Amino acid sequence: MASKKLNLKSREAFAELSLHHKNAYLQEVAGLIIAVRGEDPVELDKDALARLRRYYSRRSMADLRLNEVGGPLRRTFESLADGIRSDEVVTLLKHELPAPRRSAAFSRPAPIDDAQLMFFVPSVHDAPLKDDFNLMDIAPFALSKSGGAGVIRYELKDSIITIEGGAEVGLATAYDYDIVINMISHLAEATRRFRIDEAKGLKPSIPPQVYRPAAAEILKFCRRELGGKQYEDLERALARLQATNIRITNLKGDRKGRDRRATESFPLIGRYKVVSRTNQDRIGQVEIEIPGWVYEGVVRPDGKPTILTLNPDYFLLSRPIARFIYRLARKAAGDTTAFYSLKELHKRSGAKGPMRKFRQTIEEIVETAKTTPLPDYDLNLEDRGHDLVLHMRKRNKSLPGEMDLAAIA
């Protein structure tokens, strides 16, 4: 445990120190944490030290009611309180220190209980992940983790796509979009069952256009922890998704060669409502209206929905740009291969930064993918002289006319 490794002082021992020694002690603990990170020493400023002193010294043992107990039990309570306080001080110190250097890794570990189905999670949890085919050419979300304000505009060869967030909540993020994937997957599974029952000669009800999942079901499906912060993030995500609007202007001509501009506008999700909350005031169940563009694309009369199956490890991708690349590879490469110049990738990603920084990010992802591969696809950068080109290829698939070098090595 962190408290044992650092051997932190108890509250009483810390209180006996002079102001100078308190500051020196906190700086020493900070130095130990920095050393574990393998980073250069850093000096805590006066404000940070003052806040840490107040936190370390505050009285928080009233709930233990020590005046009502004595003997070994009291000493046990006091030791427990000191241990908890020590762990909290370590956590607080980490927040006061500069953030550690960011790892190039683009995936996170799966939750501890990832393989365990919760008893109230319906079988849709195991349904294949589905994403809308028509939005996989671009990033229909902000690449920043916080979303932020602004408008994303994609000018493609056959269309212009504009994505605009709400004035108060901003644009939806790549992590918010997980809820859309969950919604599409639920509808695809309900439609599959509907088709099976229909083929049997039964008279099933067509899947409803309102989705009523438990919050825990969404988090479990998206392979997230079930902590309090996740529930808070979920509520904010719903607000951003409902406020984010996509406008597509089709630039294709009609059959007679005449120009025709057809524009369509739609939100990522329709109306939503928090149906119930838990005793801890967390979201219990929500109601999400499935927008027409999703419903019509999945529940089609010809039985050919405009969706593609995703790898479940997509949810473990921790960098939005890696999620964009996977989605693009899934549509463009499919079971074969696809090429995109960095210039075209930059345009389709909606990245706000300069091309130089975008190129560096792609190079990091390609390098990291050598040891921690992207789900399903191998990545390689090729220098074509005028531009770098990202080669995305389905793993373990040989193209026509190519030899499997691994098989003859």
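Just so it is clear, the structure is predicted and the values come from calculations on it, not from any experiment.

Applying the stated criterion across every chain yields a total of 7 aromatic pairs. Centre to centre, the rings of Phe 221 and Phe 315 are 5.9 Å apart; their planes meet at 65 degrees, and the pair counts as edge-to-face. One end of the pair, Phe 221, is in helix α7 (residues 215-221); the other, Phe 315, is in the loop between β9 (307-310) and α10 (320-332), with 94 residues separating them in the sequence. Residue class for Phe 221 comes out buried when judged on its relative accessible area of 4%. Residue classification places Phe 315 among the buried positions, given a relative accessible area of 1%. Taken together, a centroid distance of 5.8 Å and an interplanar angle of 65 degrees make the contact between Tyr 314 and Phe 315 edge-to-face. Summarising the burial analysis for this pair, Tyr 314 and Phe 315 share the class buried.

Averaged over all residues, the pLDDT of the protein chain equals 78, while 72% of them reach at least 70. No element of the protein chain has a lower mean pLDDT than helix α13 (residues 405-408), which averages 28, and none a higher one than strand β12 (residues 388-394), which averages 95. Within the model, pLDDT remains below 50 along residues 116-127, and this stretch shows 22 contacts once partners closer than five positions in the same chain are excluded. This stretch, residues 398-409, has a pLDDT under 50; its non-local contacts, to residues over four places away or in other chains, come to 7 contacts.

Rules used in this analysis
- Residues numbered from 1 in each chain as written.
- Predicted model: local features only at pLDDT ≥ 70, side-chain atom pairs only at ≥ 80, totals over all residues.
- Heavy atoms only, no water.
- Phe/Tyr/Trp six-rings, centres within 6.5 Å; stacked < 30°, edge-to-face > 60°.
- Helix = DSSP H or I, 4+ residues; strand = E, 2+ residues; numbered from the N terminus.
- Buried < 20%, exposed > 50% of the residue type's maximum accessible area, 1.4 Å probe, protein only.
- pLDDT = per-residue confidence, 0-100.
- Contact = heavy atoms within 4.5 Å.

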